[in-house]
Amino acid sequence: MTETTEQPARRPRIFADLTPLRAYPDYRRLWFGNTVSWIGQGMTALAVSLQVYDITGSAFSVGLIGFCSLVPLVVFGLYGGAVADTVDRRKLGLFSAAGSFLLALVLALATFAGVENVGLLYAIVALQAVCFALNAPARSSMIARLLPPEQLPAANALSSMTTTTGALVGPMLGGLIVGWWGYRAAYTVDAVTFTASLYAMWRLPSMLPDRKAEGEARKRASVTDGLRFLGTRPNLRMTFFTDLCAMVLAHPRALFPVVAVVWYGGDARTTGMLVAAPALGALLGGVFSGWLGRIRRHGLAVLLAVGSWGAAIAVFGLTRHLWLGLLFLALAGCADTVSMVFRNTMLQAAVPDEMRGRLQGVFIVVVAGGPRLGDFLAGSVADLTSPAVAVVGGGAACVVAVGLLALKWRGFARYDARDPRP
């Protein structure tokens, strides 16, 4: 009698897949350095806001900080992507990270010297945005060179945990450090955290773009060529269109202070909970992302995730119980993580290496500009009608718009990660 042995079935993975961190040292260093520096940047963002308010006593002056960062991000996001497709991406990432480190050092030294100048703070915020706009396309376009294609969803889920951890932990630590030791301590800690990113970039191998043709190798990468390439690739365009549906049509962040008071009878603490809920949901989406690696229909996953974001926002607009509202905001944040993972994976896997920097530059512009447009739209609609109409209508509009896009470009839902077609 022949004895047969059966292979035990693989248990479905629940928690985030840590294979990219365990098996690929270059990626591990890059992820760790990026995570630490994101926390430091979150601390500095809060500290700068507090210091500007201490100096001016003006909420408008604090609001200008966002404008000072938005314009460089939009302008230099596209330019940074073109530079990343021209030069050694490792060197670009290293130099731009060094620039961010020096700017954090200037902030710390100015505070130690007792300098309290709002113009200086605005200038440093703008220059930090320039460094980020140069660094992000270089860093993002490296990922596909450091990992095999099947590990990209796991890596992007880990990256989502980096950004959400920075958004949650950074401001909390910044508030505590400023409260205990002052601005100089917060800026000094930020400068120290940037050394982790510098070290990670320093240890990477050379990362020249793969310019296939000899004539192409001599030619400087053009922003126009990148946009022209995007215009002929429907699946890649859809990754941006779907994100704009969520960020422009269904982004109620600007209404949270009003909603906290009018709907829930709360105060600033309630507003803080509303702001934190999507970020917490996004973080949990990253923590419990092990199942994402088994998904092959990335386009369909993006459509469902963005539609789920819109539906969750619409239901949030119908609730008048705080904890239920927080639950639906957290669900929206979780859906956003799923969408981000697959959109990033498509940009990395379906874009030729010589174009990755420029497409990542477009990604930065969309991520930076979309939520600001969403804030403006939500505030305008709420003023003309009511916050409820703005939130519920925006969520419903997002679901409808994604449905119409899916009908217009049906091939997007059929996108298969085993045969990535831009």
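Here the structure is shown first, and the text comes after it.
Moving on to the overall build of the protein. Scanning the protein from terminus to terminus reveals 16 helices and 0 strands. By the compact-globule yardstick of 22 Å for 422 residues, the protein fits well, its C-alpha radius of gyration being 22 Å. Here the protein holds 422 residues, and 52% of them are scored as buried. When contacts within the protein are restricted to residue pairs at least 6 apart in sequence, those whose partners lie at least 24 apart make up 86%. When the accessible surface of the protein is summed, it comes to about 19500 Å², and 68% of that surface belongs to carbon and sulfur atoms. For the protein, the distance from the average site of its 36 positive side-chain charges to the average site of its 23 negative ones is 3 Å.

Turning our attention to the packing of aromatic side chains. Enumeration according to the criterion identifies 8 aromatic pairs in this entry. For the pair Phe-256 and Phe-316, a centre-to-centre distance of 6.2 Å together with 90 degrees between the ring planes defines the contact as edge-to-face. Note that Phe-256 is positioned in helix H11 (residues 256–262) and Phe-316 in helix H13 (residues 298–318), a separation of 60 residues in sequence. Like Phe-316, Phe-256 is buried. A centroid spacing of 6.3 Å and a plane angle of 80 degrees characterise the contact between Trp-263 and Tyr-264, whose relative ring orientation is edge-to-face.

This part is about the environment of Arg-139. If you trace the backbone, Arg-139 turns up in helix H5 (residues 118–146). For the pair Arg-139 and Arg-90, spaced 49 residues apart in the sequence, the C-alpha separation amounts to 7.9 Å. Not counting residues up to four positions away in its chain, the partners in contact with Arg-139 are Leu-30, Asn-34, Trp-38, Phe-132 and Met-201.

The rules behind these values
- Residues numbered from 1 in each chain as written.
- Predicted model: local features only at pLDDT ≥ 70, side-chain atom pairs only at ≥ 80, totals over all residues.
- Heavy atoms only, no water.
- Helix = DSSP H or I, 4+ residues; strand = E, 2+ residues; numbered from the N terminus.
- Rg over C-alpha atoms; globule rule 2.2 N^0.38 Å.
- Buried < 20%, exposed > 50% of the residue type's maximum accessible area, 1.4 Å probe, protein only.
- Contact = heavy atoms within 4.5 Å.
- Areas by Shrake-Rupley, 256 points an atom, 1.4 Å probe, with all protein chains shown as cover.
- Lys, Arg positive; Asp, Glu negative; His and termini not counted.
- Charge placed at Lys NZ, Arg CZ, Asp CG, Glu CD.
- Phe/Tyr/Trp six-rings, centres within 6.5 Å; stacked < 30°, edge-to-face > 60°.

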